[in-house]
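Spelled out, the chains give:
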Amino acid sequence: MSLLEVQGLEARYGLLSAVRGINLAISEGEKVALVGANGAGKTTLLRTIAGVHPVAGGRIVFEGADITGVSAHRRCASGIALVPEGRRLFPAMTVEENLLVAQSAKRDGPWRLESVLEAFPQLKPKLKAPAGELSGGQQQATAIGRALMTNPRVLLLDEVSLGLSPVAVHAVYESLGALLKTKTAIVLVEQDLQRTLDVADRIVCMLEGAIVAEGRAHEMSREQVMGHYFGNRTGVAMREAAA
Ligand code: ATP
């Protein structure tokens, strides 16, 4: 049984259909990357799975239960965590407070303040600093750490390296290395295609709100993914590759 299943999912902004008939099944521990041009619907899909954007049609099933009507707060408490685009920290609160706030989810698991700081050592000297004063890389580390503090079974990571320097991106991915080996399923949106291909088990290409191609990461070349990215549907690694 899949850990998370999205069935015929629809999401809208007014009359605009941003997510159209998405079917996606994710297993425990699987690392799935969503790839697609700006406006393809990746962020909206993650936000809809997390429950912060309303479902306009279809179903979301988590651990065998229909959670389509469940609030974002309860989804988080049951093990779905979102690291949103733009990080959305509490800027006036310290790094430590930003991390501890997520403990209210009270799920058991390996992630607590000490283990998050072990994974993201760059945060140790910044614990008492207001989050708003951190560098972009430190803020991203805090945002990922905050999500980990809920001990998620599914981690939704939106635009991990957006706006970060190459050094900061490297540091964040170094820290993600350990997480990538765990049973936590990850759905990743990442502009850096090489990193995407390196860390993901499966690539899902989106165009205009729909999935247009899907395949195992090691079976898809950079060129094939780029082809789908720009709407070229003649690439070879279509859904059959995933079968
Ligand atoms: P990006 O990489 O630019 O974040 P994306 O693939 O994540 O792109 P979304 O941000 O989910 O795509 O956008 C999907 C569609 O919904 C686009 O047409 C976008 O213009 C539209 N959209 C996104 N946010 C809003 C909003 N708050 N109000 C209205 N339309 C929106």
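Computed from a prediction, not measured in an experiment: that's the story for all the values here. (Residues numbered from 1 in each chain as written. Predicted model: local features only at pLDDT ≥ 70, side-chain atom pairs only at ≥ 80, totals over all residues. Heavy atoms only, no water.)

When its secondary structure is counted, the protein shows 8 helices and 10 strands. Taken against the 2.2 N^0.38 rule, which gives 18 Å for 243 residues, the C-alpha radius of gyration of the protein at 17 Å falls within 12% of a compact globule. Overall, the protein is about 50 × 40 × 35 Å in size when its C-alpha atoms are taken along their principal axes. Of all 243 residues assigned to the protein, the portion counted as buried reaches 53%. Relative to all contacts within the protein whose residues are 6 or more apart in sequence, the contacts with residues 24 or more apart total 68%. Entry remark: accessible area of the protein is about 10900 Å², with carbon and sulfur atoms responsible for 53%. Of the charged side chains in the protein, 26 are positive and 25 negative, and the gap between their average positions amounts to 4 Å. (Helix = DSSP H or I, 4+ residues; strand = E, 2+ residues; numbered from the N terminus. Rg over C-alpha atoms; globule rule 2.2 N^0.38 Å. Buried < 20%, exposed > 50% of the residue type's maximum accessible area, 1.4 Å probe, protein only. Contact = heavy atoms within 4.5 Å. Areas by Shrake-Rupley, 256 points an atom, 1.4 Å probe, with all protein chains shown as cover. Lys, Arg positive; Asp, Glu negative; His and termini not counted. Charge placed at Lys NZ, Arg CZ, Asp CG, Glu CD.)

This part covers the sheet that holds strand β3 (residues 31–35). Two orientations exist for strands paired in a sheet by backbone hydrogen bonds: parallel and antiparallel. Across the sheet, which stays open at both edges, the 6 strands sit in the order β6-β7-β8-β3-β9-β10 with mixed pairing between neighbours. With one partner strand each, in any of the chains shown, β6 (80–83) and β10 (210–216) form the two edges of the open sheet. With strand direction ignored, the average angle separating the axes of adjacent strands in the sheet is 15°. By the bridge criterion, 4 bridges tie β6 to strand β7 (residues 154–158) in an arrangement that is parallel. Following the sheet pairing, Ile80 is matched in β7 by Val154. Along the sheet, helix α5 (residues 136–148) makes contact with β6 and β7, crossing β6 at roughly 170°. (Pairing = 2+ DSSP bridges. Axes fitted to C-alpha atoms, helices over the stretch in contact; angles between N-to-C directions.)

This part covers the nonpolar core. It is characteristic of soluble globular proteins that their nonpolar side chains tend to be buried jointly. Counting 49 residues, the largest nonpolar core has Leu155, Leu157 and Ile203 as the members making the most contacts within it. A total of 6 residues in this core trace back to one element, the largest contributor, which is helix α6 (residues 166–180). Excluding anything up to four places from it in sequence, Ile203 contacts Ala33, Val35, Thr196, Leu197, Ala213, Glu214, Gly215, Ala217, Met220 and Val225. Membership of the second largest hydrophobic core comes to 29 residues, among which are Leu9, Leu46, Ala50 and Val154. (Core = buried A, V, L, I, M, F, W, Y, C linked by side-chain atoms within 4.5 Å.)

On to helix α8 (residues 222–229), then. Taken residue by residue, α8 has Gln224, Val225, Gly227, His228 and Tyr229 as its buried positions. In the core, the buried residues of α8 are packed alongside β3, α7 (193–199), β9 (202–207) and β10.

Tracing the chain through its elements places Ser161 in the loop between β7 and α6. A distance of 2.5 Å separates the side chain of Ser161 from the side chain of Glu190, its partner in a polar contact. (Polar contact = N/O pair within 3.5 Å; in protein donor to acceptor, adjacent residues only side chain to side chain.)

Note: predicted coordinates in regions of low pLDDT should not be interpreted at a detailed level. Scored by pLDDT, the protein comes out at a mean of 88, with 94% of its residues at no less than 70. Note that residues 233–243 has pLDDT below 50 and, in this model, 26 contacts with residues that lie over four places away or in other chains. (pLDDT = per-residue confidence, 0-100.)

Geometrically, a packed helix pair is captured by the angle between its two axes and the distance between the axes. One way to put it is that α5 packs onto α6 with a least axis distance of 9 Å and a crossing angle of 20°. Comparing their axes, α6 and α5 come out roughly parallel. For α5 against α6, the interelement crossing comes out right-handed. Contact residues: Gly137, Gln140, Ile144 and Leu148 in α5; Ala168, Val172, Leu176 and Leu179 in α6. In terms of residue class, the contact of α5 with α6 is built from 6 nonpolar, 2 polar and no charged. (Parallel < 35°, antiparallel > 145°, perpendicular 65-115°, else oblique. Left-handed = near helix turned anticlockwise from the far one by under 90°. Nonpolar A, V, L, I, M, F, W, Y, C, P; charged D, E, K, R; others polar.)

Moving on: the pairing of β10. A regular strand places its side chains on the two faces of the sheet in alternate fashion. Extensive coverage of β10 is indicated by the burial of 6 of its 7 residues. Between β9 and β10, which follow one another and run antiparallel, lie 2 residues, and Glu208 among them has a positive phi close to 50°.

Counting through the fold element by element, Gln140 comes out in helix α5. Sequence spacing of Gln140 and Leu82 is 58 residues, and the spatial spacing of their C-alpha atoms is 12 Å.

It is worth spelling out the side chain of Thr196 at this point. Within the secondary structure, Thr196 sits in helix α7. Here the side chain of Thr196 touches Glu190 through a polar contact of 3.5 Å, landing on its backbone oxygen. Among the polar contacts made by the side chain of Thr196, one reaches the main-chain carbonyl oxygen of Asp192 at a distance of 2.9 Å. Residues contacting Thr196, with those up to four places away along its chain left out, are Ala33, Val35, Glu190 and Ile203.

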